[in-house]
Amino acid sequence: MFSRLAAGTGDKMRSERQDTSGNGGHPGFEAFRQAMHGQLVERGEPGYDAARKVWNGAIDRRPALIAYCVDAEDVARTVRFGRASALAIAVRSGGHNLAGLSTCNDGIVIDLSRMKRIDVDAGRRLARAEAGLNLGEFDQATLRHGLATTMGVNSDTGIAGLTLGGGFGKLGRKYGLSCDNLEAVEIVTADGQLLHASAHEHPDLFWGVRGGGGNFGIVTAFHFRLHPVPARLPVCTALYAWNQARQAMLHYEAFARVAPDEIAADAALLTQPSGERFFSVSACHVGPDGTEDAKQAALRPLLESGNPADARIDFVSYLQMQSASDALFARGRRYYWKAQFLRQIVAGAVDAILDAYARAPSPACLLVFQHVGGAIARVPDAATAYANRSADFDCFPLAIWDDPADDDKHRAWARGLWEAVRPFSTGGVYANNLGEEGADRVRAAYGANHARLVAVKRQYDPDNVFRLNQNIDPA
Ligand SMILES: Cc1cc2nc3c(=O)[nH]c(=O)nc-3n(C[C@H](O)[C@H](O)[C@H](O)COP(=O)(O)OP(=O)(O)OC[C@H]3O[C@@H](n4cnc5c(N)ncnc54)[C@H](O)[C@@H]3O)c2cc1C
């Protein structure tokens with residue numbers, strides 16, 4: 001293994017037999033290992049198989065080494081070791097990347113999941129959060145003070161990958177993307193330096209990390225602005241039978257397009273285990289002000305539109321709402337999706353979606369609309385690396401299955417649905433919802449911001465050390 005070779009047993013034959021890491025060892029390894037505050041797990045060691053897993057069970061990669069860092073120094077020394085030993089570097093926080101970009105074959109995974117410190121300054125409504133926190137852990141810590149910032153819909157997702165790519169969530173239309181709520185980041189760059197980036201320090205780098213993903217370095221901590229959230233908030237849920245779905249989808253679109261910023265209305269096509277298909281809308285009112293009656297009144301048009309099979313308004317805590325769909329996205333199942341932005345959901349798109357959804361290969365498959373716009377759209381496109389702010393909906397078929405023998409049919413179904421909707425899309429895509437789809441699609445995610453991203457990449461990572469991501473190629 002890595003360490004035995006590095007320690008130099010003097011027995012070449014024996015070392016070669018033991019080198020299951022596939023890297024041939026590195027002279028600096030022993031010093032690196034001794035300096036680490038966290039833990040190294042080498043290929044072949046006990047615990048390796050659990051350590052190499054990521055959220056998507058369809059990803060099966062075998063890194064040479066997993067470095068569980070516990071502080072920024074660990075991150076910096078692992079970057080330096082990775083570069084010196086010419087190993088590919090993958091960065092993993094929550095491990096949720098669909099395409100498995102947070103792991104690799106034969107390289108190093110720099111894992112931040114043990115860095116979970118969070119400090120909340122309730123008076124100034126600020127939080128410093130280490131990169132290993134997941135959304136549920138972050139929300140719990142800030143909600144002790146009645147505060148939150150925009151985070152996504154699945155508790156298990158990492159705050160790091162989500163924020164660096166943009167960050168949609170129920171608070172987004174009111175307060176902007178997760179990355180719009182950043183005051184600063186602490187980041188280890190490709191040369192192993194720890195920098196503090198904000199509007200005043202390394203402003204180009206700060207611009208790039210707000211949407212540009214992990215291209216510019218490894219963020220070890222985020223400084224977020226927080227906002228008050230009510231102790232309980234109304235969530236309107238409406239379920240429509242398949243034969244009502246067309247009309248209901250058009251009603252949903254009309255409601256969502258003119259909804260105030262306080263309302264986030266997401267929707268999905270779903271199938272019950274019985275095989276019965278439904279259209280489901282879930283809309284919440286996150287406004288900190290106003291009476292509960294007024295908030296319910298703002299949601300009521302959804303209850304009164306169409307002919308729902310079931311419709312109600314419940315008052316729930318913010319945490320209950322944030323974790324409501326956790327069970328849908330269990331770790332280890334097989335997943336594939338392909339996303340695009342829509343400005344409107346026109347009748348032609350509805351017909352194309354219903355037609356393609358009806359061919360879903362298994363009941364767990366979904367078609368999702370995530371409601372964006374509002375405050376997100378009022379930030380100028382050039383203000384941060386995140387582009388595509390004028391869209392109102394992110395739309396994606398989401399295939400979920402368990403048997404590897406079913407891989408092809410699920411992926412083909414999702415791609416087919418995506419193609420059917422393509423004529424109605426803006427052409428843009430959310431970088432965090434990209435799979436391995438090639439350079440053109442990365443450009444589609446960044447639009448006019450792409451050229452500046454290349455310039456920032458050339459400044460901070462000219463050798464493309466951080467390339468296992470939606471890559472901005474410095475060349
Ligand atoms: C079930 C599910 C629900 C989701 N819901 C939402 C949602 O509601 N809103 C939304 O916006 N997105 C959502 N996403 C997409 C999510 O934002 C991305 O998958 C994101 O990359 C996950 O972050 P992570 O830290 O878990 O990912 P990881 O897989 O750990 O990392 C993803 C990428 O981010 C980079 N990265 C990770 N950590 C760091 C770091 N500390 N420094 C630098 N780069 C780093 C790496 O380049 C890596 O390739 C969802 C994804 C899933 C699977």
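Let us look at the structure shown here. Quick caveat, the model's predicted, so the values are computed rather than measured. (Residues numbered from 1 in each chain as written. Predicted model: local features only at pLDDT ≥ 70, side-chain atom pairs only at ≥ 80, totals over all residues. Heavy atoms only, no water.)

With that out of the way, let us pick up the overall build of the protein. Of the regular secondary structure elements, the protein holds 17 helices and 19 strands. Taking 475 residues into account, the globule formula puts the C-alpha radius of gyration at 23 Å, and the protein, at 23 Å, falls close to it. Along the longest, intermediate and shortest principal axes, the C-alpha atoms of the protein span 80 × 55 × 40 Å. Relative to its full complement of 475 residues, the protein shows a buried share of 56%. Partitioning the intrachain contacts of the protein with sequence separation of at least 6 by distance along the chain shows that 71% fall at a separation of at least 24. Within the structure as shown, the protein displays about 18400 Å² of accessible surface, and the carbon and sulfur contribution to it stands at 49%. (Helix = DSSP H or I, 4+ residues; strand = E, 2+ residues; numbered from the N terminus. Rg over C-alpha atoms; globule rule 2.2 N^0.38 Å. Buried < 20%, exposed > 50% of the residue type's maximum accessible area, 1.4 Å probe, protein only. Contact = heavy atoms within 4.5 Å. Areas by Shrake-Rupley, 256 points an atom, 1.4 Å probe, with all protein chains shown as cover.)

Of all six residues that make up strand β18 (residues 366-371), six are buried, and the element is covered over most of its length. Residues L366, V368 and Q370 of β18 are buried on one face, and the alternating residues L367, F369 and H371, pointing to the opposite face, are buried as well. Where strand β13 (residues 263-271) meets β18, three bridges bridge the pair, whose relative direction is antiparallel. For A268, the partnering residue across the bridge sits in β18 and is V368. Relative to strand β19 (residues 393-401), β18 is paired through six bridges, and the arrangement is antiparallel. Bridge assignment links V368 to a residue of β19, and that residue is F396. (Pairing = 2+ DSSP bridges.)

A separate point is helix α13 (residues 347-357). By the burial criterion, the buried members of α13 are A349, V350, A352, I353, L354, A356 and Y357. On its buried face, α13 is in contact with α10 (245-258), β13, β14 (277-285), β18, β19 and α15 (407-421).

Once that is clear, we can look at the sheet that holds strand β6 (residues 126-130). Ordered in space as β5-β6-β10-β8-β9, the five strands form an open sheet in which the pairing is antiparallel. Strand pairing shows two members of the sheet lacking a second neighbour, β5 (118-121) and β9 (194-198), which therefore form its edges. Neighbour-to-neighbour, the strand axes of the sheet open up by a mean angle of 15°, direction not taken into account. (Axes fitted to C-alpha atoms, helices over the stretch in contact; angles between N-to-C directions.)

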